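# Structure assessment
Here are the chains, one letter per residue:
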Amino acid sequence: MTTKPPSLAQPQVITLGCRLNSYESEVMKGHAEKAGLEDAIIVNTCAVTAEAVRSARQTIRRARKDNPDAQIIVTGCAAQINPDEFANMPEVSRVIGNQEKMQAGTWSSPALRHGDTKVLVNDIMSVKETAGHLIDGMEGRARAYVQVQNGCDHRCTFCIIPFGRGNSRSVPAGDVVQMIQRLVDTGHYEVVLTGVDLTSWGGDLPGKPQLGNLVRRVLKLVPDLKQLRISSIDAIEMDDALFEAMADPRMAPFMHLSLQHGDNLILKRMKRRHSREQAIELAQKLRGIRPDIALGADIIAGFPTETETAFENSLKLVDECGLAFLHVFPYSPRPGTPAARMPQLEKAVIKARASRLRAAGAAALHRHLDRHVGQLRSVLVEQEASGRLGDFSQVWLQGFDRLEAGRPVEARIVEHDGQKLIGEPA
């Protein structure tokens, strides 16, 4: 005798991929709950690598196996780029595009619940605006993420994401300020500005303001905001106002840079717009403005035509830029991109180089954490006994009587385990 699995009672969201996807999942969850979509599983996919798409398919099959009676709705970048691939999966009930998923009306529409149309995906390139969506905060009251930009106008040869996100579009500054003020009023300590190509913010708005203008307006018009953080940015697009804003003590001393490689020829073949020299200069300039800053970066290992010498230039870049946090992507060809038509490296070579890059990243993180040991630091409590420094270093807090999420505590850093710091009461 088999037992029917219990009802989900409320929609469940499975998020794959980037932080922006996590933010959008929270918005979708709210829309689905208000629409009364019980027993629905929403899979928010990623398309950044071929492995990400494979993982999405596996996740969908697993969700169906564990919940045979659920409605499985697939959305996100992979679904936007190739909706038929997912619509043809027998486990999938509906496929929804990246624009449609953010609209409340989608989740309450008869087409979603009872319609014969399995695919609700429009042309993402026709989308001209990005609406501001407010959520209560993804990490308690520690921090909230505010999407201020979506899409990308650049066409890096390895990247499929513009075809999942569309062209760059911005949320007006006034709307951003209002959202952040509301988050501060509800007790959030930190706000993170996020987007697909964040430094292109403003290019589609009247007067074409730059990201630095937005950051300075937020700092000025929301004086009670304790800490403002910006997510990953393009290394070549930092404007003067943003450099000036980074000197403000309310700006988190952290920057994640989209570097992708450390060799100039490979950067050209990637159709990146910066050189290794410019990346190093940027890191030095940021460190001059904020000596306490920590830098992270995305780097791809095994890009087509990458020689051993070119790869070693990426390895050297870790030290030359003083990186602390490394996000390593083993290259995988994405159909429809120019890089997929270039001479490919053997998978074993790509895997080995990615491993060497990760080892360099682990050593860099170890050195970064070393500098905090023995120091008094302000730690923003996230949950239970963990939190983060302003430079995003993770801290395990031990020996504290009571910790409140979303509030800072003073801690003496006594040691680290190579991945996180250990803090005790000061």
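First, a word on what this report is: a plain description of the structure on this page.

The rules behind each value
Residues numbered from 1 in each chain as written. Predicted model: local features only at pLDDT ≥ 70, side-chain atom pairs only at ≥ 80, totals over all residues. Heavy atoms only, no water. Helix = DSSP H or I, 4+ residues; strand = E, 2+ residues; numbered from the N terminus. Expected span 1.5 Å × (residues − 1). Buried < 20%, exposed > 50% of the residue type's maximum accessible area, 1.4 Å probe, protein only. Arc of directions from axis to C-beta. Contact = heavy atoms within 4.5 Å. Pairing = 2+ DSSP bridges. Right-handed = clockwise from strand over helix to strand, strands pointing away. Axes fitted to C-alpha atoms, helices over the stretch in contact; angles between N-to-C directions. Core = buried A, V, L, I, M, F, W, Y, C linked by side-chain atoms within 4.5 Å. Salt bridge = Lys/Arg side-chain N within 4 Å of Asp/Glu carboxyl O. Polar contact = N/O pair within 3.5 Å; in protein donor to acceptor, adjacent residues only side chain to side chain.

## Thoughts on helix 12 (residues 276–289)
- Between its first and last C-alpha atoms helix 12 spans 20 Å; for 14 residues at 1.5 Å apiece the expected length is 20 Å, and the two agree.
- For helix 12, the complete set of buried residues consists of Arg-276, Ala-279, Ile-280, Leu-282, Ala-283 and Leu-286. End-on view of helix 12: buried residues confined to an arc of 155°, all on one side of the axis. Exposed and facing more than 90 degrees away from the buried side of helix 12 are Glu-281, Gln-284 and Gly-288.
- Turning to helix 12, the residues buried within the fold contact helix 10 (240–245), strand 12 (254–260), helix 11 (264–269), strand 13 (294–301) and helix 13 (308–320).

## Quick notes on the pairing of strand 13
- For strand 13, the tally of buried residues reaches eight of eight residues, placing the bulk of the element in the interior.
- Of the two faces of strand 13, the one carrying Ala-294, Gly-296, Asp-298 and Ile-300 and the one carrying Leu-295, Ala-297, Ile-299 and Ala-301 are both buried.
- Pairing between strand 12 and strand 13: six bridges, direction parallel. Bridge pairing links Gln-260 to Ile-299 in strand 13.
- Inspection of the sheet shows strand 13 paired to strand 14 (residues 323–330) by seven bridges, in the parallel sense. Following the sheet pairing, Asp-298 is matched in strand 14 by His-327.
- A crossover connection joins strand 13 to the parallel strand 14 through helix 13; in handedness this β-α-β unit is right-handed.

## Remarks on the sheet that holds strand 18 (residues 408–416)
- Sheet architecture is closed into a barrel: five strands sit in the order 15-16-17-19-18, paired in mixed fashion. Ignoring which end each strand starts from, the neighbouring axes of this sheet average 50° apart.
- Sheet topology note: the strand 18/strand 19 (residues 421–425) ladder contains five bridges and is antiparallel. Bridging across to strand 19, Ala-411 finds its partner in Pro-425.

## Here's the deal with the environment of Val-192
- Take Val-192: it is sitting in strand 9 (residues 190–194).
- Overall, Val-192 belongs to the buried group, its relative accessible area being 3%.
- Along the backbone, Val-192 and Thr-75 are 117 residues apart, and their C-alpha atoms lie at a distance of 24 Å.

## Considerations on the pairing of strand 17 (residues 394–397)
- Residues of strand 17 alternate between two faces, with Val-395 and Leu-397 buried on one and Gln-394 and Trp-396 left unburied on the opposite face.
- Two strands pair when backbone bridges link them, and strand 16 (residues 386–388) and strand 17 are joined in this way by three bridges, in the antiparallel orientation. Note that in strand 17 the partner of Gly-387 across the bridge is Val-395.
- The hairpin turn running from strand 16 into strand 17, its antiparallel successor, is five residues long, and Phe-392 in that turn takes a positive phi close to 75°.
- The sheet contact formed by strand 17 and strand 19 spans three bridges and is parallel. Among the inter-strand pairings, Val-395 is bridged to a residue of strand 19, identified as Leu-421.

## Considering the sheet that holds strand 6 (residues 143–147)
- If you trace the three strands from one edge of the open sheet to the other, you get 6-9-10, paired in parallel fashion. Lying at the two open borders of the sheet, with one neighbouring strand each, are strand 6 and strand 10 (227–230). Within this sheet the neighbouring strands show an average axis-to-axis angle of 25°, counted without direction.
- Two strands pair when backbone bridges link them, and strand 6 and strand 9 are joined in this way by five bridges, in the parallel orientation. Residue pairing for strand 9: Val-146 is matched across the bridge by Leu-193.

## Describing the nonpolar core
- Of all hydrophobic cores here, the largest spans 56 residues; its most connected members are Ile-180, Leu-193, Val-215 and Met-255.
- Residue contributions to this core peak at seven residues, all from helix 8 (residues 173–185).
- Beyond its immediate stretch of four places on either side in the chain, Leu-193 contacts Val-146, Val-148, Val-176, Ile-180, Leu-198, Leu-214, Val-215, Leu-228, Arg-229, Ile-230 and Ser-231.
- Core analysis: the second largest hydrophobic core is formed by 24 residues, Leu-16, Ala-56, Ala-70 and Ala-79 among them.

## As for the pattern of salt bridges
- Inspection of every chain in the model, using the stated rule, returns 20 salt bridges.
- In this structure, the salt-bridge partner of Glu-85 is Arg-57, at a minimum N-O distance of 2.4 Å. Of this pair, Glu-85 sits in helix 4 (residues 83–87) while Arg-57 sits in helix 2 (residues 50–66), and the two are 28 residues apart along the sequence.
- In this structure, a network of salt bridges that share partners links the residues Arg-143, Glu-190, Arg-229, Glu-382 and Arg-388.

## A few points about the side chain of Glu-237
- By secondary structure assignment, the location of Glu-237 is in the loop between strand 11 (233–234) and helix 10.
- A polar side-chain atom of Glu-237 sits 3.3 Å from a polar atom in the side chain of Arg-273.
- Dropping the residues within four chain positions of it, Glu-237 is found in contact with His-154, Asp-197, Thr-199, Ser-200 and Arg-273.

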